[in-house]
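# A closer look at the structure
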Amino acid sequence: MKRTILLTVAFTLSVAATVLAAGDEVNGNAYFKKSELPDMTKILPPFPAFESARFVADQSQHLWGKLMRQDEARAAQAQRDAVYSMQTVIDEMGPLFGLEITKEGTPEIYSILQDVCASCDSIYHDAKATFNRQRPYAYYDEGTLIPEKEEKHRYEGSYPSGHTVFFWTSALLLSDINQTNEAMEKLLARGYEFGQSRVIAGYHWQSDVDAGRMAGSVLYQLIRNHERFIGQLANARAEFAEKTGSATRITDAPRTQQQNASARVYRLDGTPADDSSRGILIQHDQKYVRK
């Protein structure tokens, strides 16, 4: 009996360690409480009424999604995209980001991603409950690409799409750290596809996904003005530049501003820097790399 208990405890601890080692938005430090965020029901338009002219577009996209399931690669992608976790962000967007994201190897980037992911639920949770829209697979009483989740979500509101909020906001963040055109194009395109995966999987109408992107954009705009985030973003950009040996666009902006005598530049130890200074510098309360 004792052996069984010990084995159970050991297994539980092993699983817990594995979970904590992976990307885990649950342990992030959200930037806002739900009460501090705007009411998305006052920002989003009402979802298309069932059997209305606007609903025809949603029905058309639902049929498109079912056709896309016949593409094995796209169907597999939609199934991966159904896993709502920071680890999915890392696995799917990391290769496009240009740098492997890990807690140990890129602590600044990992931390800011964790905090942004932890902030997503609060922006859409109440709106989903208020709108309480029926999901497409429940409306048609049919199956989905993720059958094991159908009963759990059958009576949960569909509008806006929470998965879309989560992954679109993550894409906005990563493209804000690596600001090169190539990375931004790939990251935002992949962020867009996460939303379309919800249509393909059968869990959301297209208008749910569109509203999710809008909610994610509202949230990211608010986060971007948060004092803690501003410092984290500067650190994440500096870490990216240091790890990859290349600077993002933030590097160029301070160099242009140096022409203004009031734009003072400092080293990390707080001493003034001059034109010959190299390494990680601070200007306008933001860190950047000068080679």
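Here's a quick rundown of the structure.

Definitions and limits used
- Residues numbered from 1 in each chain as written.
- Predicted model: local features only at pLDDT ≥ 70, side-chain atom pairs only at ≥ 80, totals over all residues.
- Heavy atoms only, no water.
- Salt bridge = Lys/Arg side-chain N within 4 Å of Asp/Glu carboxyl O.
- Helix = DSSP H or I, 4+ residues; strand = E, 2+ residues; numbered from the N terminus.
- Buried < 20%, exposed > 50% of the residue type's maximum accessible area, 1.4 Å probe, protein only.
- Disulfide = S-S within 2.5 Å.

## Topic: the pattern of salt bridges
Counted under the stated rule, the structure contains 15 salt bridges. D58 serves as the salt-bridge partner of R133, at 2.8 Å between the closest nitrogen and oxygen. Of this pair, R133 sits in the loop between α6 (121–131) and α7 (136–140) while D58 sits in helix α2 (residues 53–68), and the two are 75 residues apart along the sequence. Judged on exposure class, the residue R133 and its partner D58 are both buried. Salt-bridge contacts for R74 lead to E193; the nearest nitrogen and oxygen are separated by 2.9 Å. Placement of R74 in helix α3 (residues 72–81) and of E193 in helix α10 (residues 181–201) is noted, with a sequence separation of 119 residues between them.

## Topic: the state of the cysteines
Put plainly, two cysteines are in a disulfide when a covalent bond ties their sulfur atoms together. For the structure on display, the rule yields zero disulfides. The thiol of C117 is not disulfide-bonded; the next cysteine sulfur, from C120, is found 5.8 Å away. A relative accessible area of 0% means that C120 is categorised as buried.

## Some thoughts on unusual backbone geometry
For residues other than glycine, phi is negative in most cases, and the peptide bonds are mostly trans. Here the amide bond leading from Y159 into P160 is cis, since omega sits at -5°, within 30 degrees of zero. Mapping P160 onto the fold places it in the loop between α8 (150–153) and α9 (162–177). A positive phi is found at N132, a non-glycine position, where the angle reads about 50°.

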